[in-house]
Amino acid sequence: MPETLRALAADREFDVGAAVAAAPLTNDLEYRTTLRREFSMLTTENALKMGPLRPAPGEFDFAAADAIVGFAEANDMRVRGHALLWHRMTPDWLRPWEYGGDELRALLRAHVQTVAGRYRGRIDAWDVVNEAVADDGSMRETPWYDAMGERYLDRVFEWAAAASDADLFYNDYGAEGLGGKSDAVYDLVSGMLDRGVPIDGVGLQLHALGDRPDPDDVAANIERLRDLGLDVQITEMDVAFPRESAPDDPLAAQADYYREITDAALDAGAGALVTWGVDDGHSWVRSHGSLPQKYTADPLLFDDDYEPKPAYAAVNEALA
Ligand code: GLA
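Cut-offs applied
Numbering of residues starts from 1 in every chain and runs along the sequence as written. In keeping with the predicted nature of the model, local features appear solely for residues at pLDDT of at least 70, side-chain atom pairs appear and are counted solely at 80 or more, and the whole-chain, interface and lining totals rest on all residues. Side-chain calculation: all heavy atoms of the structure are included, whereas hydrogens and water are not. Helix and strand assignments follow DSSP, with helices taken as H or I runs no shorter than four residues and strands as E runs no shorter than two, numbered in order from the N terminus. Radius of gyration means the value over C-alpha atoms here, while the globule rule gives 2.2 Å times the residue count to the 0.38 power. Note on definitions: a residue-residue contact is assigned when non-hydrogen atoms from the two residues lie within 4.5 Å. Accessibility throughout is a Shrake-Rupley quantity obtained with a 1.4 Å probe, and a residue counts as covered only by protein chains that appear here. Residues scored as charged are limited to Lys and Arg (positive) and Asp and Glu (negative), so that His and the chain ends carry no count. Charged side chains are reduced to one point each, which is NZ for Lys, CZ for Arg, CG for Asp and CD for Glu. For Phe, Tyr and Trp, rings pair up if their centres lie within 6.5 Å, where Trp contributes its six-membered ring, and each pair is then called stacked (planes under 30 degrees apart), edge-to-face (over 60) or tilted (otherwise). Relative accessibility decides the category of a residue: with a 1.4 Å probe and only protein chains considered, values under 20% of the type maximum give buried, values over 50% give exposed, and everything between is partly exposed. Note on criteria: charge over ring means Lys NZ or Arg CZ within 6 Å of the ring centre, with the direction from the centre no more than 35 degrees off the ring normal. A single heavy atom is enough: if one lies within 4 Å of a molecule or strand, its residue is considered near that molecule or strand. Contacts described as polar in this section are N or O atom pairs within 3.5 Å, which, within protein, must combine one atom able to donate a hydrogen with one able to accept it, while residues neighboring in sequence count only if both atoms come from side chains. Side-chain classes follow a simple rule in which Ala, Val, Leu, Ile, Met, Phe, Trp, Tyr, Cys and Pro form the nonpolar group, Asp, Glu, Lys and Arg form the charged group, and the remainder, Gly included, forms the polar group.

### A word on the overall build of the protein chain
Tallying secondary structure elements over the protein chain gives 14 helices and nine strands in all. A compact globule built from 320 residues would reach a C-alpha radius of gyration of about 20 Å, and the protein chain, at 19 Å, matches this within 12%. Overall, the protein chain is about 55 × 40 × 40 Å in size when its C-alpha atoms are taken along their principal axes. Long-range contacts, defined as pairs at least 24 residues apart, comprise 77% of the intrachain contacts of the protein chain with a sequence gap of at least 6. Accessible surface, the protein chain: about 13000 Å² in total, of which carbon and sulfur atoms supply 44%. Charge centroids of the protein chain, computed over 29 positive and 59 negative side chains, lie 5 Å from each other.

Take a look at the structure:
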């Protein structure tokens with residue numbers, strides 16, 4: 001019987017994680033069993049996003065997040081909170097953004113204080129801001145940017161640091177390897193460090209849907225971010241192929257890529273690799289818009305029956 005991912009990762013002082021949803025955590029024994037056996041870290045998949053968390057102004061529904069964080073504590077797992085600020089999955093009542101700039105700023109500050117403060121000492125790493133950089137490398141123009149200006153991340157990280165003792169991460173997609181967007185993220189976090197902003201790390205999402213960043217480039221990017229003194233984690237990995245151009249053996253190709261990224265993460269000194277879900281059956285690629293029609297919709301390490309896939313064996317071998 002080979003060792004579990006979490007046992008092997010512990011030997012490497014590394015974490016292997018998965019994004020977790022409260023419903024299967026509550027209803028599905030196999031989901032719980034797999035999670036606690038194989039993973040040392042979990043991310044709150046949707047439960048702490050502002051939309052699901054805040055059904056009405058002034059109201060917070062912490063039930064799902066509490067269940068996830070409680071499970072992690074009971075099973076000695078680290079927790080990534082996701083995310084204090086994101087421009088998507090915002091509450092209906094906040095749209096269509098009829099709040100004034102000062103109101104939005106006050107609302108966000110209170111949100112960060114309440115949410116980060118509630119989990120002080122229980123959440124190990126927060127994605128403080130998710131996806132603030134646009135695909136062309138400019139700052140994404142969101143209502144928060146409009147309300148608070150170019151340097152709004154500085155404030156959000158300061159508020160998070162005041163409310164929380166977690167490591168504070170900036171998290172994004174499309175900035176995993178080398179290129180314009182990852183240069184922009186590098187510049188963004190370098191500037192924050194120069195200004196004394198309390199940022200501890202960068203999360204590289206790595207949703208490999210068609211595009212698979214070169215593992216050598218990912219390693220080089222991790223290294224340059226670590227040279228700034230930052231922690232780096234792979235935070236949302238999944239691997240799917242466009243159905244039109246899928247390789248002959250998609251599960252083998254998927255395993256190869258998981259292996260290469262695990263090797264790159266370990267070699268370059270990343271602290272964790274988190275997959276965006278536990279099993280294929282609960283992956284967002286299965287349920288999100290036209291994704292299941294466009295992509296091979298089995299992007300994770302465990303199949304629908306929680307059987308380990310070739311990708312699982314590849315990550316296991318890389319850790320060993
Ligand atoms: C982004 C977000 C995640 C999740 C994924 C997939 O990467 O950061 O919270 O929503 O998309 O849906």
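### With respect to the packing of aromatic side chains
Within this structure, the stated rule accounts for six aromatic pairs. Between Phe39 and Phe302, the ring centres sit 6.2 Å apart and the planes meet at 65°, which makes this aromatic pair edge-to-face. Residue Phe39 is located in the loop between α3 (29-38) and β2 (41-44), and its partner Phe302 is located in the loop between α13 (291-294) and α14 (310-319); the two are separated by 263 residues in the primary sequence. For the pair Phe39 and Phe302, a shared accessibility class is recorded, and that class is buried. Residues Phe302 and Tyr312 carry aromatic rings whose centres are separated by 5.2 Å and whose planes lie at 50° to one another, so their mutual orientation is tilted. Of this pair, Phe302 sits in the loop between α13 and α14 while Tyr312 sits in helix α14; the two residues are 10 residues apart in sequence, bridging distant segments of the chain. Residue Tyr312 is classed as buried on the basis of its relative accessible area, which comes to 9%. A connected cluster of aromatic rings, assembled from ring pairs, spans Phe39, Phe302 and Tyr312. It is Arg80 that lies over the ring of Phe169; its NZ or CZ is 5.1 Å from the centre.

### Digging into the site of the ligand
Lining the immediate surroundings of the ligand are Lys49, His82, Trp86, Asn130, Glu131, Gln205, His207, Glu236, Trp276 and Trp284. Side-chain polar atom of His207 to an oxygen atom of the ligand: 3.1 Å apart, as the coordinates give it. The contact in question runs from an oxygen atom of the ligand to an N or O atom on the side chain of Glu236, over 2.6 Å. The protein chains hide 90% of the 300 Å² of surface that the ligand would expose on its own. Residue classes in the shell around the ligand are distributed as three nonpolar, four polar and three charged.

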